[in-house]
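One-letter residues, chain by chain:
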Amino acid sequence: MKELITTDGARLAYQDTGGAGVPLVMLHGWGQTQAMFRHQTEGLAPGRRVVTVDLRGHGKSGKPRHGYRIARLSRDVLELVDHLGLDRFDALGWSMGVSVWWSFIDLYGTGRIRRFVAVDQPAAVAAVPWMTEREQRDSGAIFDVSGLLYLGAALAGPEGGTVRADFVRGMFSGEPDPEVLAFVAEEIRSTPAHAGVPLLFDHCAQDWRDVLPRIDVPTLVIGCEGSHVHPDSQRFVAERIPGARLHVFASDVASSHFPFLENPPAFNAVVEKFLAEEPANRA
């Protein structure tokens, strides 16, 4: 594990496998860690350079008392790819990690991104009152505003551990693999409430629908029938990104928000096929 100190003093723990070719930078979701991609760092094409990072407040990275906003996390990622000298790379985000990439694109453009993979993230998580019912459905909103406030307060309260465990369990359909569920539940414990609660609020309050049409690199959107994120929201994301492709894992392949953990061979095959294609002309 290597470390980088950001310009505002946060310590980021990251891994870089080395290897030839276009690097793949992978970003995890809220409350989770780069260990989510334990089956991808070696399971993707042999020799591919894979970079993963524990976002601030997560995993083995520092837990400062500042910076828990999606925009700051995207700045952290910019500083990481600058530190590694990555002028051209593939980007993969899962859950909140997709939002961090959307923020990165919004703020810094797509000039360094060759291909983009977005895994199971709604265009807007919270159904704000000024959205129509159709817009709320399309965006994939999981909470209304009062529900988001309730969840944040519960996570910050004395029963936060139980609330967190229930939240994780809700990301699986049916009976999950006990090992996978236990692994996810353990990893999320590394994010303290002072980091996780304000970041969750900021993350869920974002609306990325205006960014999607401006993504001008080849994009693959991945959903999962058994996830708490409805596949229709992933269809909407793919339709809004020019030329994007969509792959939805059927429930007999993976049945949760974590297809890369549930069925690594299937997930890796889909991602590798997309990344291995000949580069397309930029729009």
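Computed from a predicted model, the values in this text were never measured in an experiment. (Residues numbered from 1 in each chain as written. Predicted model: local features only at pLDDT ≥ 70, side-chain atom pairs only at ≥ 80, totals over all residues. Heavy atoms only, no water.)

## Quick word on unusual backbone geometry
Unlike most non-glycine residues, Ser 95 shows phi in positive territory, near 55°. With respect to the helices, strands and loops of the structure, Ser 95 is situated in the loop between β5 (89-94) and α2 (96-108). Its identity as a non-glycine residue notwithstanding, Asp 120 has a phi of 60°, on the positive side. Relative to the helices and strands, Asp 120 resides in the loop between β6 (113-119) and β7 (126-127). Take Asp 120: its relative accessible area is 1%, and that puts it in the buried class. (Helix = DSSP H or I, 4+ residues; strand = E, 2+ residues; numbered from the N terminus. Buried < 20%, exposed > 50% of the residue type's maximum accessible area, 1.4 Å probe, protein only.)

## Focus: the environment of His 230
With respect to the helices and strands, His 230 occurs in the loop between β9 (219-224) and α8 (231-240). Under the relative-accessibility criterion, His 230 is labelled partly exposed at 48%. For the pair His 230 and Val 197, spaced 33 residues apart in the sequence, the C-alpha separation amounts to 23 Å. Within the structure, His 230 has its side chain in polar contact with the backbone nitrogen of Asp 232 (distance 3.0 Å). (Polar contact = N/O pair within 3.5 Å; in protein donor to acceptor, adjacent residues only side chain to side chain.)

## Let's talk about the packing of aromatic side chains
By the definition in use, this model includes 14 aromatic pairs. Here the aromatic rings of Phe 89 and Phe 104 are separated by 6.4 Å at their centres, their planes lie at 75°, and the arrangement is edge-to-face. Of this pair, Phe 89 sits in strand β5 while Phe 104 sits in helix α2, and the two are 15 residues apart along the sequence. On the basis of an interplanar angle of 70° and a centroid distance of 5.7 Å, the ring pair of Phe 260 and Phe 267 is categorised as edge-to-face. For Phe 260, a relative accessible area of 0% corresponds to the buried category. A relative accessible area of 1% places Phe 267 in the buried class. Following the ring pairs from residue to residue traces out a cluster consisting of Phe 37, Trp 94, Phe 172, Phe 249, Phe 258, Phe 260 and Phe 267. The lysine or arginine in question, Arg 38, covers the ring of Phe 183, its NZ or CZ lying 3.8 Å from the ring centre. The positively charged end of Arg 115 is found above the aromatic ring belonging to Phe 274, 4.8 Å away from the centroid. (Phe/Tyr/Trp six-rings, centres within 6.5 Å; stacked < 30°, edge-to-face > 60°. Lys NZ or Arg CZ within 6 Å of the ring centre and 35° of its normal.)

## A short note on the state of the cysteines
The tally for this structure, following the rule as stated, stands at 0 disulfides. No disulfide involves Cys 204; its sulfur sits 20 Å from that of Cys 224, the nearest cysteine. A relative accessible area of 2% places Cys 204 in the buried class. (Disulfide = S-S within 2.5 Å.)

## Describing the side chain of Glu 272
If you trace the backbone, Glu 272 turns up in helix α10 (residues 264-276). Judged by its relative accessible area of 18%, Glu 272 falls in the buried class. At 3.0 Å, the side chain of Glu 272 and the side chain of Arg 48 are in polar contact. Setting aside anything within four residues of it in sequence, one finds Glu 272 in contact with Leu 44, Ala 45 and Arg 48. (Contact = heavy atoms within 4.5 Å.)

## Structural notes on the pairing of β5
The element β5 is extensively covered by neighbouring structure, given that 6 of its 6 residues are classed as buried. Of the two faces of β5, the one holding Phe 89, Ala 91 and Gly 93 and the one holding Asp 90, Leu 92 and Trp 94 are both buried throughout. Where strand β3 (residues 20-27) lies against β5, 4 bridges are found, and the strand directions are parallel. Across the sheet, Leu 24 pairs through a bridge with Asp 90, a residue of β5. Taken together, the 5 bridges between β5 and β6 define a ladder with parallel strand orientation. When the sheet's bridge partners are listed, Gly 93 is paired in β6 with Ala 118. Between β5 and its parallel partner β6, the chain crosses via α2, and the hand of that crossover is right-handed. (Pairing = 2+ DSSP bridges. Right-handed = clockwise from strand over helix to strand, strands pointing away.)

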